[in-house]
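Architecture and fold: a report
Each chain is listed here by its residues.
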Amino acid sequence: MKKIILTGDRPTGRLHIGHYVGSLAERVKLQNSGAFDEMYFMIADAQALTDNADNPEKVRQNIMQVALDYLAVGIDPTKSTIFIQSQIPALTELTVYYMNIVTVSRVQRNPTVKAEIQQKNFESSIPVGFFCYPISQAADITAFHATSVPVGEDQEPMMEQCREIVHKFNEIYGEVLTEPVTYLSTNKARLRLPGLDGKAKMSKSLGNCIYLSDDEETIKQKVMSMYTDPTHLKVSDPGHIEGNTVFTYLDAFVKEDSFEKYLPEYKNLDELKAHYERGGLGDVKIKKFLNCVLQEELQPIRERRQMWEQRLPEVYEILKKGSQVAADKANKTLNEVKAAMRIDYFTNENLLKK
Ligand code: TRP
């Protein structure tokens, strides 16, 4: 069986370092591992529209931004296919057929959908399209016979629901769809990077993000303003690590050689943490260290982004060609699905025959 990756992001804003450590970095590693036969990266504009019906311009404007972020982190268009969801009609058609094998109460139980309904104040009026997006996401994944889906932790309920759809479909119509596994980062801090303000999630609407496109000075300012330990008032006070955003970021970003390069008085993160807990280590020092570590990681990404920003017509062609490749692949799966459901009236048996 072929090993195939599919994953995607909603184009509702530029991507930030939470996306990067939570999933993008992992995707690039998988891409470059050479272990996969096909790789698809989807800009999920149709899904973004499920809760942005009144603001299609926002979605439109962010398609290029997400494409640039993909290229910036190292998704390589000669190895992977980057495409735009809405340009693949087969995805919509598959969604319609899958809708018949999912119940309303099952979607209502999906924890991610539940949380989003609350967040978006949809309780009294849920758009039907929004409600169905887990089903459409199963179409995205199965249309490419994806075997691995690298996503952030918040997407696990979507994956669970997708696997249920695969089982149900195959049980009724025969073995057609491929069951995908989720790829998650093994580093806990990377899985759920908090916002700069210490809030549970880095999110555009909370204004607590570092973007992949932020310049050096902006990153520095953001790091220096980060939430640390509110009880750590004087340098000599003992500090807390738990819930201290700077340390969570260090957990996510520190590399083997980071101390040697930027803070040689300490051997490793454990030593630094121990000193902070004892007292005598100031926030400014750990923030400066974090800034160095982050700048090292983000500089090449920013430079690659700037390079692609100079070549927008080429990016446009990458998306256009990628969408054609993706459409062909998804159409093939749609034909398999329709054949299995015996709704292939004009390509297979004559309808007149009993
Ligand atoms: N739900 C994902 C997000 O919010 C985007 C997405 C859409 C996706 N379709 C997908 C991710 C298929 C993985 C596979 O970021």
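A quick note: this is a predicted structure, and the numbers were derived from the prediction, not measured.

About the cut-offs
Residues numbered from 1 in each chain as written. Predicted model: local features only at pLDDT ≥ 70, side-chain atom pairs only at ≥ 80, totals over all residues. Heavy atoms only, no water. Helix = DSSP H or I, 4+ residues; strand = E, 2+ residues; numbered from the N terminus. Rg over C-alpha atoms; globule rule 2.2 N^0.38 Å. Buried < 20%, exposed > 50% of the residue type's maximum accessible area, 1.4 Å probe, protein only. Contact = heavy atoms within 4.5 Å. Areas by Shrake-Rupley, 256 points an atom, 1.4 Å probe, with all protein chains shown as cover. Lys, Arg positive; Asp, Glu negative; His and termini not counted. Charge placed at Lys NZ, Arg CZ, Asp CG, Glu CD. Arc of directions from axis to C-beta. Near = heavy atom within 4 Å. Polar contact = N/O pair within 3.5 Å; in protein donor to acceptor, adjacent residues only side chain to side chain. Nonpolar A, V, L, I, M, F, W, Y, C, P; charged D, E, K, R; others polar. Axes fitted to C-alpha atoms, helices over the stretch in contact; angles between N-to-C directions. Parallel < 35°, antiparallel > 145°, perpendicular 65-115°, else oblique. Left-handed = near helix turned anticlockwise from the far one by under 90°. Right-handed = clockwise from strand over helix to strand, strands pointing away. Pairing = 2+ DSSP bridges. Salt bridge = Lys/Arg side-chain N within 4 Å of Asp/Glu carboxyl O.

Before going further, it helps to spend a moment on the overall build of the chain. Helices and strands together make up the secondary structure of the chain, namely 16 helices and five strands. Here the chain has a C-alpha radius of gyration of 23 Å; the compact-globule value for 354 residues is 20 Å, and the two agree. Counting across all 354 residues of the chain, residues that qualify as buried make up 53%. In the chain, of all internal contacts separated by at least 6 residues, the share reaching a separation of at least 24 is 75%. Split by element, the accessible area of the chain, about 17500 Å² in all, is 52% carbon and sulfur. Positive and negative side-chain charges of the chain, numbering 44 and 49 respectively, have mean locations separated by a distance of 2 Å.

Once that is clear, we can look at helix 4 (residues 89-99). Every buried residue belonging to helix 4 is among Ala-90, Leu-91, Leu-94, Thr-95, Tyr-97 and Tyr-98, and all of these are buried. Taken down its axis, helix 4 places every buried residue within 165° of arc, on the same side. Exposed and oriented more than 90 degrees from the buried face of helix 4 are Pro-89 and Thr-92.

This part takes up unusual backbone geometry. For His-145, which is not glycine, the phi dihedral falls at a positive 50°. Looking at where His-145 falls in the secondary structure, it is placed in the loop between helix 8 (133-143) and strand 4 (148-150). Positive phi, normally seen in glycine, also occurs at Arg-342, with a value near 60°.

What follows deals with the site of the ligand. Close to the ligand lie 13 residues; Met-42, Gln-47, Gln-137, Asp-140 and Gln-155 are nearest. Within the side chain of Gln-137, one N or O atom sits 2.9 Å away from a nitrogen atom of the ligand. For the ligand, the accessible surface in isolation is 370 Å², of which the surrounding protein chains cover 91%. Here the residues of the shell around the ligand sort into six nonpolar, five polar and two charged.

Between helix 8 and helix 9 (residues 156-173), whose axes approach to 9 Å, the crossing angle comes to 70°. Put simply, helix 8 runs roughly perpendicular to helix 9. For the element pair helix 8 and helix 9, the recorded crossing hand is right-handed. Counted together, Tyr-133, Pro-134, Ile-135, Gln-137, Ala-138, Ile-141 and Thr-142 of helix 8 and Met-158, Met-159, Gln-161, Cys-162, Ile-165 and Val-166 of helix 9 form the full contact between these two elements. When the residues that make up the contact of helix 8 with helix 9 are grouped by side-chain class, the tally is 10 nonpolar, three polar and no charged.

Moving on: the pairing of strand 2 (residues 38-43). Most of strand 2 is tucked away: six of the six residues are buried. In strand 2, alternate side chains face the same way, and those of Glu-38, Tyr-40 and Met-42 on one face and Met-39, Phe-41 and Ile-43 on the other are all buried. The handedness of the strand 1 (residues 4-9) to strand 2 crossover, carried by helix 1 (residues 17-33), is right-handed. Sheet topology note: the strand 2/strand 3 (residues 81-84) ladder contains four bridges and is parallel.

Let us now look at the pattern of salt bridges. For the structure on display, the rule yields 25 salt bridges. For the salt bridge of Asp-154 with Lys-201, the shortest nitrogen-to-oxygen distance reads 3.9 Å. Of the two residues, Asp-154 sits in the loop between strand 4 and helix 9 while Lys-201 sits in the loop between helix 10 (188-191) and helix 11 (216-224), which places them 47 residues apart along the sequence. Classification of Lys-201 as partly exposed rests on a relative accessible area of 46%. Note that Glu-271 is salt-bridged to Lys-267, the shortest N-O span being 3.5 Å. Judged by its relative accessible area of 32%, Glu-271 falls in the partly exposed class. Put simply, Lys-255, Asp-257, Lys-261, Glu-296 and Glu-297 are held in one network by salt bridges that share partners.

Once that is clear, we can look at the pairing of strand 1. Among the six residues that make up strand 1, five are buried, leaving the element largely enclosed by the rest of the structure. The pairing of strand 1 with strand 2 spans six bridges and is parallel. What sits directly across from Gly-8, in strand 2, is Met-42.

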